[in-house]
Amino acid sequence: MLRALVCSNSELSFLMEAHDGLSAAIAKRAGFKGLWASGLSIATTLGYRDANEASWSQFVDVVERIVDSTALPVLVDGDGGFGNFNNARLLARKLRQRGAAGVALEDSCFPKMNSFVGERHPLADINEFSGRLRAVKDTVADDMVLVARIEALIGGHVMDEALLRAHAYADAGADAILIHSRKSSADEIFSFVSAWQNRLPVVIVPTKYFRTPVSTYRDADISTVIWANHSMRAAAAAMRQVCDDIMAEEGIAGVEPRIATLDEVFALLGYDELARAEVRYLTPR
């Protein structure tokens, strides 16, 4: 299912961010066909910074809950693989065991820093990172989609550097290329796509260039758009407002009309199925 979404240019697909089972269930209810297990969002909800502070094992445990909560395919933001080729292939193997459909690895140095924080974003050596990709591909073969994420434009390098890396990563076995940008305009994304000429499908994350019309991505034959952190950010804003209001009002009457009812929460997580199962399995025959 994920390969059909990401590895095809025939139709633009969308992946919605999820950081836990609840956000995954909400994304499914909205109609999304695939999920992005965001490194930033998962780290944030665990109370860590997006700087490889959470361990790979903590990360994998959260991914399992995301996978279990829906039948949707999950592309996992694997950062740089949490180390060298050996760490990366271990991560991929564990993610496959937990049911992930794909993993995206970025060509950053360990420990990474979120792409939108600060100006220092050193890149991994091309050959070393290509080795990470080959190790992952040899480990999970065709069981998982492997996306190579290029941070060259994030690090302020020229377009030729991004293209050089893209070709090397394609040779190393990547199934798709994620080209990342921190600009408010999508111009450098379209420049990359034009020069790349669809050697592999292109994935984008328009967090900063969010005003760009989606129709232009279709026109450029981009494969997949990832809405990368919006459920987490929406939850943070809503929780902040509710906490402020309850503190100020010393009560909850004012916030009740603005928050999900318990019945809505129960419906999202399938309490009705549990009731039917109790009738089937707890009723004496």
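You'll find the structure just up there.
To keep things clear, this report deals only with the structure shown in the data block. (Residues numbered from 1 in each chain as written. Predicted model: local features only at pLDDT ≥ 70, side-chain atom pairs only at ≥ 80, totals over all residues. Heavy atoms only, no water.)

### Focus on the packing of aromatic side chains
Then, in step 1: Scanning the entire structure with this criterion turns up six aromatic pairs.
Then, in step 2: Aromatic pair F266 and Y271: ring centres 4.6 Å apart, planes at 45°, arrangement tilted.
Then, in step 3: Over the face of the ring belonging to F116 we find K208, whose NZ or CZ atom lies 5.1 Å from the ring centre. (Phe/Tyr/Trp six-rings, centres within 6.5 Å; stacked < 30°, edge-to-face > 60°. Lys NZ or Arg CZ within 6 Å of the ring centre and 35° of its normal.)

### Focus: the sheet that holds strand β1 (residues 13-18)
Then, in step 1: On the basis of which strands lie adjacent, the closed barrel formed by eight strands has the order β1-β2-β3-β4-β5-β6-β7-β8 and parallel pairing. Neighbour to neighbour, the strand axes of the sheet diverge by 25° on average, direction disregarded.
Then, in step 2: Bridge count for β1 against strand β2 (residues 35-37) is three bridges, and the pairing is parallel. Note on β2: the bridge partner recorded for E17 is W36.
Then, in step 3: Across the sheet, helix α4 (residues 56-69) lies against β1, β2 and β3 (74-77), angled at about 160° from β3, the strand it touches most. (Pairing = 2+ DSSP bridges. Helix = DSSP H or I, 4+ residues; strand = E, 2+ residues; numbered from the N terminus. Axes fitted to C-alpha atoms, helices over the stretch in contact; angles between N-to-C directions. Contact = heavy atoms within 4.5 Å.)

### Here we look at the pattern of salt bridges
Then, in step 1: Taken as a whole and assessed by the stated rule, the structure comprises 21 salt bridges.
Then, in step 2: Ionic pairing is found between E53 and R49, a salt bridge with its closest N-O pair at 2.7 Å.
Then, in step 3: Of the residues examined, E53 reaches a relative accessible area of 33% and is grouped as partly exposed.
Then, in step 4: For R49, a relative accessible area of 61% gives the class exposed. (Salt bridge = Lys/Arg side-chain N within 4 Å of Asp/Glu carboxyl O. Buried < 20%, exposed > 50% of the residue type's maximum accessible area, 1.4 Å probe, protein only.)

### Remarks on the pairing of β1
Then, in step 1: Of all six residues in β1, five are buried; the element is thus mostly enclosed.
Then, in step 2: Remark: the β1/helix α2 (residues 21-30)/β2 crossover connection has right-handed handedness. (Right-handed = clockwise from strand over helix to strand, strands pointing away.)

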